[in-house]
Amino acid sequence: MATKQAQKQGGQIDLGQLPVAQLQELKQQFDRELEHLTTSFQSLRTAQSKFRDCINSISQGVNLSTADKPLLVPLTSSLYVPGRLTSSTHVLIDIGTGFFVEKSTADATDFYNRKVKDIGDSLKDLEGVINGKANNVRMVEEVIRVKVLSAQEQQQKEVAGS
């Protein structure tokens, strides 16, 4: 177990040399980092899903048959107002931080497809980081378990020897 190592602040440390209290502190730090990374992963998944919904809305909802029909326009996630589609070939897309750009439906679909791909790449990278952190947590847990069992055996030997 003394050969197992973990990353901490850019340097390698020998987990076998650390006392149990420091190992538990290290495990808590890794757990917090893992929780934060997992939350970020879920947020990216949600954003990717919303961009896919935008692609579906453009492909299914913006066409000649819906040009003059009434529809509900979302102002916020829970507030919708009645409206009409003025063009079946152009849409306004939210490019972030409250900025909207008018694009053709093909360009808008391409924009959202690129966003989905970029987020997918980020998700793959983040998944690798999460797996690495999870392995670090398991490694620290294993060293803690071995040290605690070793200490218990040592105590039993001392009690039996007395």
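Residues numbered from 1 in each chain as written. Predicted model: local features only at pLDDT ≥ 70, side-chain atom pairs only at ≥ 80, totals over all residues. Heavy atoms only, no water.

Visitor: Looking at this structure, I do not really get the pattern of salt bridges. What am I missing?
Guide: A side chain with one charge may pair with a side chain of the opposite charge, provided their charged atoms come close. By the definition in use, this model includes six salt bridges. Between Glu33 and Lys133 there is a salt bridge, with the nearest N and O atoms lying 2.5 Å from each other. Here Glu33 is found in helix H1 (residues 20–61), whereas its partner Lys133 is found in helix H2 (residues 105–161), with 100 residues between them in sequence. According to the relative accessible area criterion, Glu33 is partly exposed, its value standing at 25%. Note that Arg145 is salt-bridged to Glu142, the shortest N-O span being 2.7 Å. With Arg145 and Glu142 both in helix H2 and three residues apart, the pair spans about one turn of that helix. Relative accessible area serves as the criterion here: at 44%, Arg145 is assigned to the partly exposed category. The partly exposed category is assigned to Glu142, whose relative accessible area is 22%. Each of the salt bridges in this network shares a partner with another, and the network as a whole consists of Lys27, Asp31 and Glu141. (Salt bridge = Lys/Arg side-chain N within 4 Å of Asp/Glu carboxyl O. Helix = DSSP H or I, 4+ residues; strand = E, 2+ residues; numbered from the N terminus. Buried < 20%, exposed > 50% of the residue type's maximum accessible area, 1.4 Å probe, protein only.)

Visitor: Can you walk me through unusual backbone geometry in this structure?
Guide: Across residues other than glycine, the phi torsion is negative in most instances, and most of the peptide bonds are trans. Of note in the backbone geometry, Thr97 takes a positive phi value of approximately 45 degrees without being a glycine. Tracing the backbone shows Thr97 in the loop between strand S5 (90–96) and strand S6 (99–104).

Visitor: It is not clear to me how the environment of Glu141 should be interpreted in this structure. Could you clarify?
Guide: Structurally, Glu141 can be placed in helix H2. With relative accessibility at 35%, the residue Glu141 sits in the partly exposed group. For the pair Glu141 and Ala108, spaced 33 residues apart in sequence, the C-alpha to C-alpha distance is 48 Å. Within the local environment of Glu141, its side chain forms a polar contact with the side chain of Lys27, the two groups lying 3.5 Å apart. (Polar contact = N/O pair within 3.5 Å; in protein donor to acceptor, adjacent residues only side chain to side chain.)

Visitor: Got a minute to help me understand the pairing of S5 in this structure?
Guide: Remember that side chains alternate between the two faces of the sheet whenever the strand is regular. Strand direction decides the pairing type here: S5 and S6, joined by six bridges, are antiparallel. Its bridge partner lying in S6, Val91 is registered against Lys103. (Pairing = 2+ DSSP bridges.)

Visitor: How do you make sense of the nonpolar core when you look at a structure like this?
Guide: Side chains that are nonpolar tend, in soluble globular proteins, to be buried together. Leu15, Leu23, Ile93, Tyr112, Ile130 and Val140 are the most contacted members of the largest nonpolar core, which has 29 residues in total. Elements with a minimum of two residues in this core: H1, S5 and H2. No other element matches the 14 residues that H2 contributes to this core. Aside from chain neighbours lying at most four places away, what touches Val140 is Leu15, Leu23, Leu26, Lys27 and Phe30. (Core = buried A, V, L, I, M, F, W, Y, C linked by side-chain atoms within 4.5 Å. Contact = heavy atoms within 4.5 Å.)

Visitor: How do you make sense of a nonpolar patch on the surface when you look at a structure like this?
Guide: Together, Val73, Leu75 and Leu79 give the surface a local cluster of nonpolar side chains, amounting to about 250 Å² of exposed area. Topologically, Leu79 is positioned in the loop between strand S3 (70–74) and strand S4 (80–84). Relative accessible area serves as the criterion here: at 43%, Leu79 is assigned to the partly exposed category. (Patch = residues over 30% accessible without salt bridge, like charges linked within 9 Å, V, L, I, M, F, W, Y side chains within 5 Å. Areas by Shrake-Rupley, 256 points an atom, 1.4 Å probe, with all protein chains shown as cover.)

Visitor: Hey, could you run me through the layout of surface pockets in this one?
Guide: The gaps of empty space that remain are located by a probe, the size of a water molecule, rolled over the atoms. Its boundaries defined by the atoms lining it, the largest pocket holds a volume of some 1300 Å³. What lines the largest pocket is a set of 33 residues, among which Ser57, Val73, Pro74, Leu92 and Ile93 lie closest to the centre. At the level of secondary structure, the elements contributing two or more residues to the lining of the largest pocket comprise H1, S3, S4, S5, S6 and H2. In terms of residue class, the lining of the largest pocket is built from 18 nonpolar, nine polar and six charged. (1 Å grid on protein atoms, 1.4 Å probe; cavity = no way out; pocket = protein on both sides within 12 Å on 5 of 7 lines; lining within 4 Å. Points joined across faces, edges and corners; volume = space filled by probe spheres on them. Nonpolar A, V, L, I, M, F, W, Y, C, P; charged D, E, K, R; others polar.)

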